[in-house]
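Survey of secondary and tertiary structure
One letter stands for each residue in the lines below.
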Amino acid sequence: MKTKTVFLLERHSYDLNLLTHLGFSDESITFFIKHKILTNQNQSYVFDFVGFLYIKGNEYFVCPKYRKTVYEESIIPKFKVLFQSFNTDITFSENLYSSKMLSETILIDFMKNKYFKEEQIILDNDWNSVSWEDLILDCDNFHNGHPVILEPKTFSKTNLIHHKMVKMQDSFITFLISKNKNVMEEFSLPISYVKQQLFSKEEMLNFFKIELKKNRLYREKRMLKLYIDFLTLDEEEFQFLGTRFFHTIWEKICKFVFNDQTLSYKRHFPKPTYQIGDKTIKLKGHTPDIISIPDSETCFVLDAKYYNLEKGLPQIEDVSKQLFYEKLCKNILPEHSISNGFLFLNEQEQDILNVGNLTYDVFEQKNIILYSLKDTFVLSLFCDKKHINPKMLPL
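Criteria and cut-off values
Residues numbered from 1 in each chain as written. Predicted model: local features only at pLDDT ≥ 70, side-chain atom pairs only at ≥ 80, totals over all residues. Heavy atoms only, no water. Helix = DSSP H or I, 4+ residues; strand = E, 2+ residues; numbered from the N terminus. Expected span 1.5 Å × (residues − 1). Buried < 20%, exposed > 50% of the residue type's maximum accessible area, 1.4 Å probe, protein only. 1 Å grid on protein atoms, 1.4 Å probe; cavity = no way out; pocket = protein on both sides within 12 Å on 5 of 7 lines; lining within 4 Å. Points joined across faces, edges and corners; volume = space filled by probe spheres on them. Nonpolar A, V, L, I, M, F, W, Y, C, P; charged D, E, K, R; others polar. Pairing = 2+ DSSP bridges. Axes fitted to C-alpha atoms, helices over the stretch in contact; angles between N-to-C directions. Core = buried A, V, L, I, M, F, W, Y, C linked by side-chain atoms within 4.5 Å. Contact = heavy atoms within 4.5 Å. Phe/Tyr/Trp six-rings, centres within 6.5 Å; stacked < 30°, edge-to-face > 60°. Lys NZ or Arg CZ within 6 Å of the ring centre and 35° of its normal. Parallel < 35°, antiparallel > 145°, perpendicular 65-115°, else oblique. Left-handed = near helix turned anticlockwise from the far one by under 90°. Salt bridge = Lys/Arg side-chain N within 4 Å of Asp/Glu carboxyl O.

Across its 12 residues, helix H9 (residues 201-212) extends 16 Å between first and last C-alpha, which sits within 8% of the 16 Å expected from 1.5 Å per residue. Turning to H9, its buried residues are Met-204, Leu-205, Phe-207, Phe-208 and Glu-211.

Written as structure tokens, this is what we have:
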């Protein structure tokens with residue numbers, strides 16, 4: 001039976017007695033401090049982290065700092081999908097993964113895609129080395145009264161490798177299940193599926209490392225890396241899945257949901273250039289967070305901010321950059337009307353709210369609109385791989 005999730009809050013202070021009551025031992029507190037998930041501040045403890053904690057099988061979820069209430073249980077799997085999606089991005093090193101999450105990711109893939117496929121299977125017609133098992137299977141029609149012409153089938157070298165890969169995957173999934181006792185119930189795997197583990201942990205690890213070096217499909221390379229990660233994980237009583245940099249994830253979510261097109265226009269952004277004698281030095285220029293162009297007349301320049309609106313707002317540096325980006329986009333797209341906005345995530349009833357605007361007298365008729373987005377709304381769009389038309393943003 002699945003353990004009920006205990007909810008905690010990022011940047012909220014907890015005293016030792018409360019954490020102990022919630023199931024945190026001295027050892028687990030030391031472990032999470034070591035991994036910079038928890039900090040000790042004036043005799044209280046603060047989570048610098050958003051995501052899942054696992055303590056001897058119990059699940060905790062640290063909510064983002066702006067939340068006033070906990071999430072409904074139905075939302076929790078979406079966060080797992082969220083963190084899983086960033087696991088495919090090897091450049092995104094801020095995420096932290098547990099064996100439980102690796103197990104779920106691997107099993108979801110295995111149930112959907114089954115065994116790895118070979119790029120080519122060569123069957124030789126040679127009566128000297130017959131695969132009798134395949135030959136007998138072809139005799140079904142003969143037994144049903146339909147004459148057939150029997151052709152010899154042999155395993156090529158490629159076929160033999162594929163055959164071993166199947167046995168290796170069976171052994172690995174069996175090993176994985178043995179390490180996660182409740183996985184059969186959670187994934188509804190039939191008891192009849194469970195195979196015998198034919199290979200040791202070391203044999204599987206060596207085999208998968210060799211296969212990873214081959215020219216395999218993207219999905220297979222990704223899964224082989226996860227197989228290796230799982231086999232090399234330290235067996236800890238305490239595990240975690242999440243990030244200490246949720247602001248980065250919020251930016252990436254917004255880029256996807258608003259169908260960011262910044263890269264398409266990046267070459268048009270000017271770079272500050274020094275000319276000193278015959279020497280030219282170009283500096284790195286500014287790049288907007290999000291440029292969303294829904295049609296031939298409109299362009300939205302947006303900046304995702306992980307702020308609690310009640311406790312802080314973007315300051316002059318962010319404001320100046322955002323107005324600068326608007327000017328850049330107008331130069332690149334002179335026929336488009338440019339809308340400018342900050343995107344905040346929040347806990348609210350409506351999906352999108354216009355909560356105010358910012359004006360700067362230095363720039364005539366220029367303002368930045370403050371948009372508050374319902375966090376679960378944006379999270380669901382991301383997990384379902386759906387975009388939003390920026391014209392939905394109320395002006």
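Past the structure itself, the notes keep going.
Scanning the model with the defined rule gives 2 cavities of 30 Å³ or more in all. Considered as a void within the structure, the largest cavity measures approximately 90 Å³ in volume. Elements supplying a minimum of two residues to the lining of the largest cavity: helix H3 (76-86), helix H11 (246-257) and helix H14 (375-383). Examining the composition of the lining of the largest cavity, we find that 4 residues originate from one element, H14, more than from any other. Of the residues assigned to the lining of the largest cavity, the class counts are 10 nonpolar, 1 polar and 1 charged.

Turning our eyes to something else, we now look at the sheet that holds strand S2 (residues 13-15). Strand order in the open sheet made by the 3 strands is S2-S4-S3, with antiparallel pairing throughout. Lying at the two open borders of the sheet, with one neighbouring strand each, are S2 and strand S3 (38-41). Averaged over all adjacent pairs, the angle separating strand axes in this sheet is 35°, with direction ignored. For S2 and strand S4 (residues 44-47), the ladder comprises 3 bridges, and the chain directions are antiparallel. Paired with Tyr-14 across the bridge in S4 is Tyr-45.

As a further point, take the pairing of strand S12 (residues 279-282). Pairing analysis gives 4 bridges linking strand S11 (residues 273-276) to S12, with the strands arranged antiparallel. Paired with Thr-273 across the strands is Lys-282, a residue of S12.

Burial runs high along strand S14 (residues 298-305): 8 of the 8 residues are buried. The alternating pattern of S14 places Thr-298, Phe-300, Leu-302 and Ala-304 on one face and Cys-299, Val-301, Asp-303 and Lys-305 on the opposite face, and all of these are buried. Bridging between strand S13 (residues 290-292) and S14 involves 3 bridges; their strand directions are antiparallel. Residue pairing for S14: Ile-290 is matched across the bridge by Leu-302. The turn linking S13 back onto S14 is made up of 5 residues. Relative to strand S15 (residues 337-346), S14 runs parallel, the two sharing 8 bridges. Paired with Asp-303 across the strands is Phe-342, a residue of S15.

Looking now at the nonpolar core. Within the largest apolar cluster, 59 residues are counted, with the highest numbers of intra-cluster contacts made by Phe-24, Phe-32, Phe-47, Leu-53, Tyr-71, Phe-79 and Phe-258. Excluding its chain neighbours within four sequence positions, the residues that come into contact with Phe-32 are Phe-24, Ile-37, Leu-38, Leu-53, Tyr-54, Ile-55, Phe-238, Gln-239 and Phe-240. Counting residues in hydrophobic clusters, the runner-up holds 24 residues, among them Ile-106, Phe-172, Phe-207 and Leu-231.

Next up on the list: H14. Residue pairs spaced three or four apart in an α-helix point in one direction, given the helix's 3.6 residues per turn. The buried count for H14 comes to 9 of 9 residues, which makes it a mostly enclosed element. The set of residues buried in H14 consists of Asp-375, Thr-376, Phe-377, Val-378, Leu-379, Ser-380, Leu-381, Phe-382 and Cys-383. Backbone geometry just downstream of H14 places Lys-385 in the positive-phi region, at approximately 60°.

Before going further, it helps to spend a moment on the packing of aromatic side chains. Scanning all chains against the criterion turns up 26 aromatic pairs. Relative to Tyr-306, the ring of Tyr-66 has its centre 6.4 Å away and its plane inclined at 85°; by these criteria the two rings are edge-to-face. In this pair, Tyr-66 is assigned in the loop between strand S6 (58-63) and H3 and Tyr-306 in the loop between S14 and helix H13 (316-332), connecting sequence segments 240 residues apart. Assigned by exposure class, Tyr-66 and Tyr-306 land together as buried. For the ring pair Phe-110 and Tyr-115, a centre distance of 5.5 Å and an interplane angle of 85° mean the geometry is edge-to-face. Under the relative-accessibility criterion, Tyr-115 is labelled partly exposed at 25%. The structure contains a cluster of three or more aromatic residues connected by ring pairs, namely Phe-7, Phe-52, Tyr-54, Phe-61, Tyr-71, Phe-79 and Phe-83. One Lys or Arg, Arg-67, reaches over the ring of Tyr-71 and ends 4.0 Å from the middle of that ring. One cation-aromatic arrangement involves Lys-385 over Phe-382; the distance from NZ or CZ to the ring centre is 4.7 Å.

Before going further, it helps to examine the packing of H9 against helix H10 (residues 218-232). Packing of H9 against H10 leaves a shortest axis separation of 10 Å and a crossing angle of 150°. The orientation of H9 with respect to H10, classified from their angle, is roughly antiparallel. Classified by chirality, the crossing of H10 by H9 is left-handed. Facing H9, whose interface residues are Lys-201, Met-204, Leu-205, Phe-208, Lys-209, Glu-211 and Leu-212, H10 presents Lys-221, Leu-224, Lys-225, Tyr-227, Ile-228, Leu-231 and Thr-232. Residue composition of the contact of H9 with H10, by class: 8 nonpolar, 1 polar and 5 charged.

With that out of the way, let us pick up the sheet that holds strand S17 (residues 367-374). Reading across the sheet, the 5 strands line up as S13-S14-S15-S17-S16 and stay open at both edges, with mixed pairing between neighbours. With one partner strand each, in any of the chains shown, S13 and strand S16 (352-359) form the two edges of the open sheet. Strand after strand, the sheet turns through a mean of 30° between neighbouring axes, direction not considered. Contacting S15, S16 and S17, H14 runs over the sheet at an angle of about 80° to S17.

Scanning the model with the defined rule gives 10 salt bridges in all. The salt bridge involving Arg-67 is made with Asp-375; its shortest N-O contact spans 3.0 Å. Separated by 308 residues along the polypeptide, Arg-67 in the loop between S6 and H3 and Asp-375 in helix H14 bring together distant segments of the chain. There is no split in this pair, since Arg-67 and Asp-375 are both buried. In this structure, the salt-bridge partner of Arg-219 is Asp-109, at a minimum N-O distance of 2.6 Å. Placement of the pair is Arg-219 in helix H10 and Asp-109 in helix H4 (residues 99-113), with a sequence separation of 110 residues. Exposure remark for Asp-109: the relative accessible area of 8% places this residue in the buried category. Several salt bridges converge on common partners, so that one network encompasses Arg-67, Glu-347 and Asp-375.

In short, shape yes, function no, at least from these values alone.
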